[in-house]
Amino acid sequence: MLERLIDHSAAPLRVMVQGATGRAARNHIARMVAAGTTIVAGVSPNAVPGDTVDGLPMFATPAEAVAATGADASLLMVPPLSVLPAAIAALDAGVDLIVTVTEGMPVRDAMHLLHASQAAGATWIGASSPGLVVPGRCKLGFLPDIALSPGPLAIWSKSGTLSYETGLRLVAAGLGQTAWIGVGGDPVKGTRFADLVPAFRDHAPTQAVVVVGEIGGTEEEDLAEALLETPIGKPVYAILAGAAAPEGKTMGHAGAIVSGGKGSLASKISELEAAGVAVFRSLAPMVETITADMKGKTP
Amino acid sequence: MGGLTGFVVWNTSVYNGIKRRPSTGRLAILILEHDAKSLLEQRGMPVPKGLITPVSAPVTPPFPAPWVLKAQVPVGGRGKAGGIIVLSDPGRLAETADQLSALRIKGFPVEEIRVEEAISDAREIYLGLVLDAASGCITLLASATGGMEIEAEAGTGIHQRSARPDTVDMMAALDELAASLPGEVAPAIRAAGAIAVSAFLDLEATLLELNPIFLRDDGSWIAGDVRLGLDENSLSRQPEFAALLDTRPQAYADAVFKRDHGFDLVIVDPEGEIGLVTTGAGLSMQLIDEMTRKGLRPYNFCDIRSGMMRGSPDRLIATLRQLCAAPRLRCVLVNIFAGITDLGEFAELLHRARDAVPELQVPMVVRLVGNGQARAEAILEGSDGRLKLIPDLDLAVAEISELCDA
């Protein structure tokens, strides 16, 4: 699915939005459509046949939406405790991609959804993903338009807002994205950094990868391991947040924990550097370095 | 600053040495030992008799010495830090508690202690259940040797099995684990494990460690120490967890703040000079990192979740009030770069919040990027001489730096 997502010559995703009637959802649907996304249906439990919201046909269940519109991807904008049942309904209806942007999904629910999406052979981006964008092709979620532009970089991020700041500065330097995938900061998630390596290794338009990570978990270390096993064949840059995070204190965002050896900033830096990744702890020098490296490469 | 809740810290746990490291991410709120033992005791887990008491005025237990005095802090490694003291002379309770009250264990002050009956003439064994974030499974671990030096067993003496988060799979894994242990240990691991599996699933735990389990020659056993991590995101459907926050709010202050206000605010430096009103954990952490490296002193971490304010200034008011409590506050940096938030609306809410908290007198530097930026600027520009709008984050931080130097 990731390969199709980032391939401009492949058939566009046909997207349904679950929880499409909320104020935030309607606002964002308009922005997603403006970004080129083919949104074919909305799902809301109270919908009756013939209902529309801002012109979008509404259905009571994902099964009805898929049957009527051929939707093959779903964006879920539902409350935290509804994510699991809504996502299972989407998987049962046969979609290949689910993106969940809700923050606060219980870990146990995420564990069940991970296994369900794997069993269904579907890709799950989330929990608490800010969304994903392939500029000029589609946008699912909240990623801010001001930081989006077609270009040569892939952005993979655990953190939403830090990636916004990163994306904005790179765009200001003339460097947009082939794709931007917010995998989310929760511990249990459908797609981890390492899972993104194969699709982007073979993706010629992507000339470099920018990883936005943070303390907590072992996702950066696992990425380093994946890169060592099968080199991606293009430069990888990483910015890591949390150097000053006090040990053992809540930092709110899932993933933000200093977890002894692994998960610490030091462990992430050393393992990523050993895998050939250029690691930065401040934004300005990273943007300068990427800009200098890319000079002359960008068509 | 007392009784801050925290996340599970792994450096004293057994996992550093095992082959497949657990990928934990944020695990949970670590429940204090006393509360964890109470939760498990209600489920039939045998634990030593004990009570929780303020370290400053310890209550004499209604059971005979020797006692073990245990600092109640939400981090591991208490024993090695001197936070656990065996006391055989009941007359020295206050004096020994005093000794504990002087400790800071990984930054946490000791405010409460658990006084419990000492268990003697027993061997120590180990059982742990922990989330493996990468696989979405639970790793069950057991060892015929437990205690503070459990890490030395990692790789050799610790047996482990992975299971899906359901009773059948976990009990099967437990059975296999027990079968791999010496015969005199297996029954205790089976019995303790059955209670642990059921508690782990019921409470939506992400960590449950019994270390040590005291095992006597006659086969009887008792859980000597318990580490329990619960998932904050499950709070609304976990009545026992919710009740714990209600009855002991001082012990779980961050979690209570998050529950009551719907967002995260953590004081990272009580002597800090810069108040942060920011959205997004990653960018807030990065700002703290970059400021700290420049020698600046941020007071707090803040992920206000501006996209979830629903037209109410309550979160901003709560944040500004909290900043008023910072004794050395020099200035406030507001940084909102959000995919969701309408900045025009945010600017109005910020305006209302400032009116509601007039006691916050320090200058405010505001940087807003995103939808509705122009309207936001129109609302805030010139609204107040103490508020300065700066569109670039580095320039905003430079301005903050100047304000702190002044």
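Residues numbered from 1 in each chain as written. Chains lettered and ligands numbered in written order. Predicted model: local features only at pLDDT ≥ 70, side-chain atom pairs only at ≥ 80, totals over all residues. Heavy atoms only, no water.

Visitor: I'm lost on the overall build of chain B in this one. Help?
Guide: Secondary structure summary: chain B contains 11 helices and 19 strands in total. Expressed along its principal axes, the backbone C-alpha trace of chain B runs to roughly 80 × 50 × 35 Å. Among the 406 residues that make up chain B, the fraction classed as buried is 59%. Across chain B, the fraction of contacts at a sequence separation of at least 24, relative to all contacts at a separation of at least 6, is 69%. For chain B, the computed accessible surface area is about 14,900 Å², with 51% contributed by carbon and sulfur atoms. Mean positive and mean negative side-chain charge positions of chain B (39 and 54 charges, respectively) differ by 2 Å. (Helix = DSSP H or I, 4+ residues; strand = E, 2+ residues; numbered from the N terminus. Buried < 20%, exposed > 50% of the residue type's maximum accessible area, 1.4 Å probe, protein only. Contact = heavy atoms within 4.5 Å. Areas by Shrake-Rupley, 256 points an atom, 1.4 Å probe, with all protein chains shown as cover. Lys, Arg positive; Asp, Glu negative; His and termini not counted. Charge placed at Lys NZ, Arg CZ, Asp CG, Glu CD.)

Visitor: Can you help me understand the pairing of strand 11 (residues 177–182) of chain A in this one?
Guide: Regular strands place side chains that alternate from one sheet face to the opposite one. Residues and elements named next belong to chain A. When you tally the buried positions in strand 11, you get 6 out of 6 residues, the bulk of the element. Alignment of strand 8 (residues 131–134) against strand 11, held across 3 bridges, turns out to be antiparallel. Within the sheet, the bridge partner assigned to Val133 lies in strand 11 and is Trp180. As paired elements, strand 10 (residues 150–157) and strand 11 share 6 bridges and run parallel to each other. Along strand 11, the bridge assignment pairs Leu153 with Gln177. You can see the chain leave strand 10, run along helix 6 (residues 160–172) and come back into strand 11, and the turn it takes is right-handed. (Pairing = 2+ DSSP bridges. Right-handed = clockwise from strand over helix to strand, strands pointing away.)

Visitor: It is not clear to me how the sheet that holds strand 7 (residues 123–125) of chain A should be interpreted in this structure. Could you clarify?
Guide: Backbone hydrogen bonds hold the strands of a sheet together, and the pairing may be parallel or antiparallel. Residues and elements named next belong to chain A. The strand order across the open sheet formed by 7 strands is 3-4-2-1-5-6-7, and the pairing between neighbours is mixed. The open sheet has two edge strands, strand 3 (52–53) and strand 7, and neither has a second partner. As defined by bridge partners, strand 5 (residues 73–76) adjoins strand 6 (residues 97–100) across 4 bridges and the pair is classed as parallel. Bridge pairing in strand 6 links Leu75 to Val99.

Visitor: Explain the domain arrangement of chain A to me, please; I cannot follow it from the model alone.
Guide: Size of an interface, as often reported, equals the accessible area lost when the parts are brought together. All names here are of chain A. Per the domain assignment, the segments of chain A are domain 1 (2–125) and domain 2 (143–294). Listed per partner, the contact involves 13 residues of domain 1 and 16 residues of domain 2. Here domain 1 and domain 2 share an interface that buries about 1,200 Å² over both sides, 69% of which is from carbon and sulfur atoms. The salt bridge involving Arg31 is made with Asp145; its shortest N-O contact spans 3.9 Å. (Domains from an automatic or database assignment. Buried area = accessible area lost by both parts, 1.4 Å probe. Salt bridge = Lys/Arg side-chain N within 4 Å of Asp/Glu carboxyl O.)

Visitor: What is the right way to look at the pairing of strand 11 (residues 205–215) of chain B in this model?
Guide: Counting buried positions along strand 11 of chain B yields 11 of 11 residues, so the element is predominantly enclosed. Counting the residues between successive antiparallel strands, the hairpin from strand 11 of chain B to strand 12 (residues 221–223) of chain B contains 5 residues, one of them, Gly219(B), with a positive phi of roughly 95°.

Visitor: Looking at this model, I keep getting lost on helix 2 (residues 93–101) of chain B. Mind explaining?
Guide: An α-helical turn contains 3.6 residues, so any two residues separated by three or four positions project in the same direction. Residue and element names in this part refer to chain B. Of the positions making up helix 2, those classed as buried are Leu93, Thr96, Ala97 and Leu100. The arc enclosing the buried residues of helix 2, seen along the axis, measures out at 100°, which places them on a common side. Buried residues belonging to helix 2 abut strand 3 (67–71), strand 4 (84–87) and strand 7 (112–117). (Arc of directions from axis to C-beta.)

Visitor: How do you make sense of the pattern of salt bridges when you look at a structure like this?
Guide: Here the idea is simple: oppositely charged side chains can pair when their charged atoms come close. Applying the stated criterion to the full structure yields 43 salt bridges over all chains. Salt-bridge contacts for Arg26(A) lead to Asp54(A); the nearest nitrogen and oxygen are separated by 2.9 Å. Pair noted here: Arg26(A) is in helix 2 (residues 23–34) and Asp54(A) is in the loop between strand 3 and strand 4 (56–59), with a separation of 28 residues, a long-range link. Looking at Asp54(A), the relative accessible area reads 57%, which means it is exposed. With a closest N to O distance of 3.9 Å, Glu271(B) and Arg328(B) form a salt bridge. Separated by 57 residues along the polypeptide, Glu271(B) in the loop between strand 14 (264–267) and strand 15 (274–278) and Arg328(B) in the loop between helix 8 (314–324) and strand 17 (331–337) bring together distant segments of the chain. By relative accessible area, Glu271(B) is classed as partly exposed at 37%. The network of salt bridges with common partners includes Glu33(B), Lys37(B), Lys70(B), Arg78(B), Arg114(B), Glu116(B) and Asp225(B).

Visitor: What am I meant to see in the packing of aromatic side chains here?
Guide: A ring pair, where both rings are aromatic, is described by two values, the distance of the centres and the angle of the planes. Tallied over the full model, the rule gives 3 aromatic pairs over all chains. Here the aromatic rings of Tyr164(A) and Phe337(B) are separated by 5.6 Å at their centres, their planes lie at 55°, and the arrangement is tilted. With one member in each of two chains, Tyr164(A) in helix 6 and Phe337(B) in strand 17 form a pair that bridges those chains. As far as the burial class goes, Tyr164(A) and Phe337(B) line up, both buried. (Phe/Tyr/Trp six-rings, centres within 6.5 Å; stacked < 30°, edge-to-face > 60°.)

Visitor: Looking at this model, I keep getting lost on the nonpolar core. Mind explaining?
Guide: When a protein is soluble and globular, its nonpolar side chains tend to lie buried together. If you look at the biggest cluster of nonpolar residues, it comprises 101 residues, and the most contacted ones within it are Leu5(A), Trp156(A), Phe200(A), Ile290(A), Met291(B) and Leu333(B). Excluding residues that lie within four positions of it along the chain, Ile290(A) makes contacts with Leu153(A), Leu170(A), Leu175(A), Val210(A) and Tyr237(A). Counting 83 residues, the second largest nonpolar core, distinct from the first, contains Ile98(A), Ala127(A), Phe200(B) and Leu208(B). (Core = buried A, V, L, I, M, F, W, Y, C linked by side-chain atoms within 4.5 Å.)

Visitor: Sorry if this is basic, but what is going on with the packing of helix 5 (residues 239–247) of chain B against helix 6 (residues 253–261) of chain B here?
Guide: Axis angle and axis distance: for two packed helices, these are the angle between their axes and the distance between the axes, and together they describe the pair. Residues and elements named next belong to chain B. At a minimum axis separation of 10 Å, helix 5 and helix 6 run at an interaxial angle of 105°. If you check the angle between helix 5 and helix 6, you find them roughly perpendicular. Note on element contacts: helix 6 touches helix 5 through Ala255, Val256 and Arg259, opposite Ala242, Leu245 and Asp246. Here the contact of helix 5 with helix 6 is composed, by residue class, of 4 nonpolar, no polar and 2 charged. (Axes fitted to C-alpha atoms, helices over the stretch in contact; angles between N-to-C directions. Parallel < 35°, antiparallel > 145°, perpendicular 65-115°, else oblique. Nonpolar A, V, L, I, M, F, W, Y, C, P; charged D, E, K, R; others polar.)

Visitor: Looking at this structure, how should I read the sheet that holds strand 3 of chain B?
Guide: Residue and element names in this part refer to chain B. Read across the open sheet, the 4 strands follow the order 2-7-3-4; overall the sheet is antiparallel. Where the open sheet ends on each side, the last strands, each with one partner, are strand 2 (50–54) and strand 4. Taken pair by pair, the neighbouring strands of this sheet meet at an average axis angle of 25°, ignoring direction. Of the pairings in the sheet, the one linking strand 2 to strand 7 comprises 5 bridges and is antiparallel in character. Across the sheet, Thr53 pairs through a bridge with Ile113, a residue of strand 7.

Visitor: Just to check I follow, could you spell out the environment of Ala163(B) for this structure?
Guide: Its place among the elements puts Ala163(B) in strand 10 (residues 158–163). Spatially, the C-alpha atoms of Ala163(B) and Ile138(B) are 5.3 Å apart, while their sequence positions differ by 25 residues.

Visitor: Help me understand the packing of helix 7 (residues 281–293) of chain B against helix 11 (residues 393–405) of chain B, please; the structure alone is not making it clear to me.
Guide: Residue and element names in this part refer to chain B. Close contact between helix 7 and helix 11 brings their axes to 12 Å; oriented N to C, the two are set at 50°. If you check the angle between helix 7 and helix 11, you find them oblique. In this structure, the crossing between helix 7 and helix 11 has a hand that is right-handed. Only Leu393, Val397 and Ile400 of helix 11 make contact with helix 7, whose side of the interface consists of Leu283, Leu287 and Met291. For the contact of helix 7 with helix 11, the per-class residue count stands at 6 nonpolar, no polar and no charged. (Left-handed = near helix turned anticlockwise from the far one by under 90°.)

Visitor: Would you mind going over the state of the cysteines with me for this structure?
Guide: In protein chemistry, a disulfide is the covalent bond that joins the sulfur atoms of two cysteines. With the rule as written, the count across this model stands at 0 disulfides over all chains. Of all cysteine sulfurs in the structure, the one in Cys331(B) sits closest to Cys404(B), which takes part in no disulfide; the separation is 3.9 Å. (Disulfide = S-S within 2.5 Å.)

Visitor: Honestly, helix 5 of chain B in this entry has me stumped. Any pointers?
Guide: All names here are of chain B. When helix 5 is considered as a whole, its buried residues turn out to be Phe241, Leu244 and Leu245. End-on view of helix 5: buried residues confined to an arc of 95°, all on one side of the axis. Exposed residues pointing more than 90 degrees away from the buried face of helix 5 are listed as Pro239, Asp246 and Thr247. In this fold, the buried residues of helix 5 make contact with strand 1 (29–31), helix 1 (33–41), strand 13 (226–230) and helix 6.

Visitor: How should the confidence of the model for chain B be read in this particular structure?
Guide: For any part of a model where pLDDT is low, the fine detail of the predicted coordinates should not be relied upon. Across chain B, pLDDT averages 87, with 91% of residues at or above 70. With pTM at 0.90, the complex prediction returns an ipTM value of 0.90. (pLDDT = per-residue confidence, 0-100.)

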